[in-house]
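# Structural description and commentary
Next come the chains, spelled out residue by residue.
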Amino acid sequence: MENNPVLEQIELIDKLIAIGRLQEKDVENIGHSIALPDEAENIKLWAIINTKKIYIGNFFNLAEFLKQKLKNESDKNFKFYLPLLRTFFDLYAELLYLCNENGNKQGGICVAQSLFILANRKRYSWGNQSNIQLVELYNNYFNYCKSFIDKYSLDIPQNIDDFSGKKLEKLGLNFPNTEEIYKQQYFKDCCVETQKLFKFEYDEFYYNYRWLSDYVHGEIYSTLKIEAKRINEKFWIIVKIIILSLLIIELVNKKILDNAQEQEFKNWIKDFQSKSKNFIKYWKNKKTYDSNQNPTI
């Protein structure tokens, strides 16, 4: 009996998640045997490693969540999960930008962003107890990182109330917007193998991110039924999870782990190539069937 093409793709997603988890552990182990000259350099390395590990972990936590939905959720509900794809684009873009800066800039971004998030939460939080906790967290983290902040003359405010978005931008430690990151040459350099597999246009890739805005912001026109051009959200979610997972795995291999999981990456591509034609055929047939049957989704 012929295998179910959708289940095959879900199994492939599961294998990508497994590779991502291996990378997460490999990143955590970086630096355990590195002797650094002073406390400031130790703090910088810790901040960079911990931040990269969090990006990878959050990415594959979301992939795991959506994989379970692909297995169990009714097809009609996937339009509500499609906005989550924006998170994949954002996580990948910020990690891509971070990995392509020099070590000192990476350390500055990781420390400044952590402190800025605490300051921003206080700015918009309700309740005195919450504010007290945020101030304490900010002060503790600032003091922990002070030797690094002082060594590199980072003008990060010691007072939580003085750290604004404008201050972060002035420091040059903010992230560019996601679409700008995807327009950079380093994006092309870091996704060569994934681009070969899916043959997307580099200069148009960020439109995938913008297109999802219709769903993220609940635009009324995204719900119109255009029978001849209906999108099956479940299939889009499968494809985008695969592409973005490959992108982040390729990035981590190239820019962080010196190709530590390269063989797993190549093995997965061979597996995908042997199963992708059935999936594409199934998708095309289903779109034809949907159009003829005039379904509700």
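Throughout what follows, the structure given in this document is the object of discussion. (Residues numbered from 1 in each chain as written. Predicted model: local features only at pLDDT ≥ 70, side-chain atom pairs only at ≥ 80, totals over all residues. Heavy atoms only, no water.)

### A closer look at the environment of Asn50
Its location among the elements puts Asn50 in helix H2 (residues 39-72). When the C-alpha atoms of Asn50 and Cys110 are compared, they prove to be 8.8 Å apart, with 60 residues separating the residues in sequence. (Helix = DSSP H or I, 4+ residues; strand = E, 2+ residues; numbered from the N terminus.)

### Describing the nonpolar core
In this structure, Tyr92, Ile156, Phe187, Leu244 and Trp268 are the most contacted members of the largest nonpolar core, which totals 93 residues. The element contributing the most residues to this core is helix H12 (residues 233-255), with 14 residues. Other than its neighbours up to four places away in sequence, Ile156 contacts Val111, Ala112, Leu115, Tyr138, Phe142, Ile149, Phe163 and Leu171. (Core = buried A, V, L, I, M, F, W, Y, C linked by side-chain atoms within 4.5 Å. Buried < 20%, exposed > 50% of the residue type's maximum accessible area, 1.4 Å probe, protein only. Contact = heavy atoms within 4.5 Å.)

### With respect to helix H3 (residues 85-99)
End to end, H3 covers 21 Å across 15 residues, agreeing with the expected 21 Å (1.5 Å per residue, within 8%). For H3, the buried fraction is high: twelve of the 15 residues fall into the buried class. Looking only at H3, the buried set comprises Leu85, Arg86, Phe88, Phe89, Leu91, Tyr92, Ala93, Leu95, Leu96, Tyr97, Leu98 and Cys99. (Expected span 1.5 Å × (residues − 1).)

### Topic: the packing of aromatic side chains
This structure, assessed with the given rule, holds 25 aromatic pairs. With a centroid separation of 5.6 Å and 75° between ring planes, the pair formed by Trp46 and Tyr144 is classed as edge-to-face. Of this pair, Trp46 sits in helix H2 while Tyr144 sits in helix H5 (residues 128-151); the two residues are 98 residues apart in sequence, bridging distant segments of the chain. One aromatic cluster in this structure is built from Phe89, Tyr92, Tyr182, Phe187, Phe200, Tyr202 and Phe205. (Phe/Tyr/Trp six-rings, centres within 6.5 Å; stacked < 30°, edge-to-face > 60°.)

### Overview of the pattern of salt bridges
For the structure on display, the rule yields 17 salt bridges. Ionic pairing is found between Glu64 and Lys67, a salt bridge with its closest N-O pair at 3.0 Å. Separated by three residues within a single helix, Glu64 and Lys67 lie in helix H2, roughly one turn from each other. Under the relative-accessibility criterion, Glu64 is labelled partly exposed at 25%. As a salt-bridge pair, Lys69 and Glu73 come within 4.0 Å of each other at their nearest N and O atoms. Salt bridges here are not isolated pairs; linked through shared partners, they connect Asp38, Glu41, Lys44 and Lys151. (Salt bridge = Lys/Arg side-chain N within 4 Å of Asp/Glu carboxyl O.)

### Remarks on the environment of Glu94
With respect to the helices and strands, the residue Glu94 is situated in helix H3. Looking at Glu94, the relative accessible area reads 25%, which means it is partly exposed. The spatial distance from the C-alpha of Glu94 to the C-alpha of Phe175 is 6.8 Å, given a sequence separation of 81 residues. Leaving out residues up to four positions away in the same chain, Glu94 has contacts with Tyr55, Phe175 and Ile181.

### With respect to unusual backbone geometry
The backbone of Ser153 sits at a positive phi, close to 50°, despite the residue not being glycine. One can find Ser153 in the loop between H5 and helix H6 (165-171). We note that Asp258 has phi near 50°; this positive angle belongs to a residue other than glycine. Mapped onto the elements, Asp258 comes out in the loop between H12 and helix H13 (262-293).

### Considerations on the packing of H2 against helix H4 (residues 103-124)
Relative orientation of the contacting elements H2 and H4 amounts to 70°, with a least axis distance of 8 Å. Put simply, H2 runs roughly perpendicular to H4. Relative to H4, H2 is oriented so that their crossing is left-handed. Within the contact between the two elements, H2 uses Lys44, Ala47, Ile48, Thr51 and Lys52 and H4 uses Gly103, Asn104, Gln106, Gly107, Cys110 and Val111. Across the contact of H2 with H4, the residue classes break down as four nonpolar, five polar and two charged. (Axes fitted to C-alpha atoms, helices over the stretch in contact; angles between N-to-C directions. Parallel < 35°, antiparallel > 145°, perpendicular 65-115°, else oblique. Left-handed = near helix turned anticlockwise from the far one by under 90°. Nonpolar A, V, L, I, M, F, W, Y, C, P; charged D, E, K, R; others polar.)

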